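Listed here are the chains, written in short residue letters.
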Amino acid sequence: MKVKLTARLLIACIGILSIQGCSGTPTGQVVAVVNGEEITQQELNAELAEMGQVPAGDKQLIRQQMLQRIIERRLLAQVAKEEELDRDPLYIIRERRLNEELLVQMYGAKTADTVRVPNSAAVQKYIRDNPGKFNQRTAYLVDQVTFDLPRDPKILKALEADKTLADVEATLKSLNVVYAKGKSSVDSGNVPTAVLNQILALPAGEPFIIPAQGKVVVSVITGRQPVAVNERDAVPLAAQAMRSESLSKLMQARLTEAKAAAKITYQPQFEPPADSK
């Protein structure tokens, strides 16, 4: 039995000699070993790449400093594992979510590589068709009422008849919905043109709703300030916006295909509304 175990260890050692050797000494692509866990050149390079623009200075010193940050994070992660936090159900749920978000992000980046850069004529047409993003870009000052997105769609339906922000508050109070009041601004450059046109077509003082991050934001325009966008900046902004919109359409099309091909079952009380399936 001892002979077999020794042989397995020997084979394992030979298999990783080119990387670090059985002693745990970092060599080759391994820049550090933390309690037996390797940190590779690829990991270090990935961390540096995520910084975006690397600060000016001694590049080797910056790499050494970044490596120390990785080592400290790895040590704390090892301490957390000693406390068996990696077996906590909440950790497992969050790990899965982060993995999914990373995969979606990487898929989006890969798909973005297939989106062509628009030509000059297309960019100029986009600028003409979307004045709210360019030559007529405006910051609209607004009064707002904000509340959590309700589970009952009847609450949002009840707001449709309201003609003023005071009406909205009265409706929410009657439905016992907790809300907050405030002031903000809405940049027309960040609003889809079709939505912006609908907002600007409303009678003065009439509220509009833009959902945001699980919240319902009801706004009323109280003023406006022009936002200057010169022609030199408009062209790259338009090209970027066009590519972003094209990418969004591709991702939505792929999601639609995936939903059509998927087998999804729900408990009755968790089924989505019929119009969102």
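For clarity, every value in this text was computed on a predicted model and none was experimentally measured.

Conventions used here
Residues numbered from 1 in each chain as written. Predicted model: local features only at pLDDT ≥ 70, side-chain atom pairs only at ≥ 80, totals over all residues. Heavy atoms only, no water. Pairing = 2+ DSSP bridges. Helix = DSSP H or I, 4+ residues; strand = E, 2+ residues; numbered from the N terminus. Axes fitted to C-alpha atoms, helices over the stretch in contact; angles between N-to-C directions. Contact = heavy atoms within 4.5 Å. Salt bridge = Lys/Arg side-chain N within 4 Å of Asp/Glu carboxyl O. Buried < 20%, exposed > 50% of the residue type's maximum accessible area, 1.4 Å probe, protein only. Patch = residues over 30% accessible without salt bridge, like charges linked within 9 Å, V, L, I, M, F, W, Y side chains within 5 Å. Areas by Shrake-Rupley, 256 points an atom, 1.4 Å probe, with all protein chains shown as cover. 1 Å grid on protein atoms, 1.4 Å probe; cavity = no way out; pocket = protein on both sides within 12 Å on 5 of 7 lines; lining within 4 Å. Points joined across faces, edges and corners; volume = space filled by probe spheres on them. Nonpolar A, V, L, I, M, F, W, Y, C, P; charged D, E, K, R; others polar.

### Brief notes about the sheet that holds strand β4 (residues 180–187)
Right, so step 1: Within the open sheet, the four strands sit side by side as β4-β3-β6-β5. Their pairing is antiparallel. Looking along the sheet, the strands with just one partner apiece sit at the ends: β4 and β5 (208–212). Shown here is a sheet whose adjacent strand axes are inclined to one another by a mean of 40 degrees, direction ignored.
Right, so step 2: Sheet analysis places β5 next to strand β6 (residues 215–226), joined by five bridges and oriented antiparallel. The residue bridging isoleucine 210 from the neighbouring strand is valine 217, located in β6.
Right, so step 3: The sheet strands contacting helix α7 (residues 165–174) are β3 (138–148), β4 and β6, and the helix crosses β3 at an angle near 10 degrees.

### Thoughts on the pattern of salt bridges
Right, so step 1: Across all of its chains, the model carries 13 salt bridges by this definition.
Right, so step 2: Between arginine 74 and glutamate 37 there is a salt bridge, with its nearest N and O atoms 3.7 Å apart. Note that arginine 74 is positioned in helix α3 (residues 59–82) and glutamate 37 in strand β2 (residues 37–40), a separation of 37 residues in sequence.
Right, so step 3: The exposure class assigned to glutamate 37 is partly exposed, which follows from its relative accessible area of 28%.

### Brief notes about a nonpolar patch on the surface
Right, so step 1: A contiguous nonpolar surface patch, about 350 Å² in accessible area, is contributed by Ile264, Tyr266 and Phe270.
Right, so step 2: Within the secondary structure, isoleucine 264 is located in the segment after α9 (231–261).

### Observations regarding the pairing of β2
Right, so step 1: When strand β1 (residues 30–34) meets β2, the two strands line up antiparallel, connected through four bridges. Bridge pairing in β2 links alanine 32 to isoleucine 39.

### Here's the deal with the layout of surface pockets
Right, so step 1: Empty space within the largest pocket amounts to approximately 430 Å³.
Right, so step 2: If you go around the largest pocket, the residues you meet are Ala77, Ala80, Lys81, Leu85, Asp86, Tyr91, Arg94, Glu95, Leu98 and Asn99.
Right, so step 3: When residues of the lining of the largest pocket are traced back to their parent elements, those giving at least two are α3 and α4 (89–112).
Right, so step 4: Split by residue class, the lining of the largest pocket holds five nonpolar, one polar and four charged.

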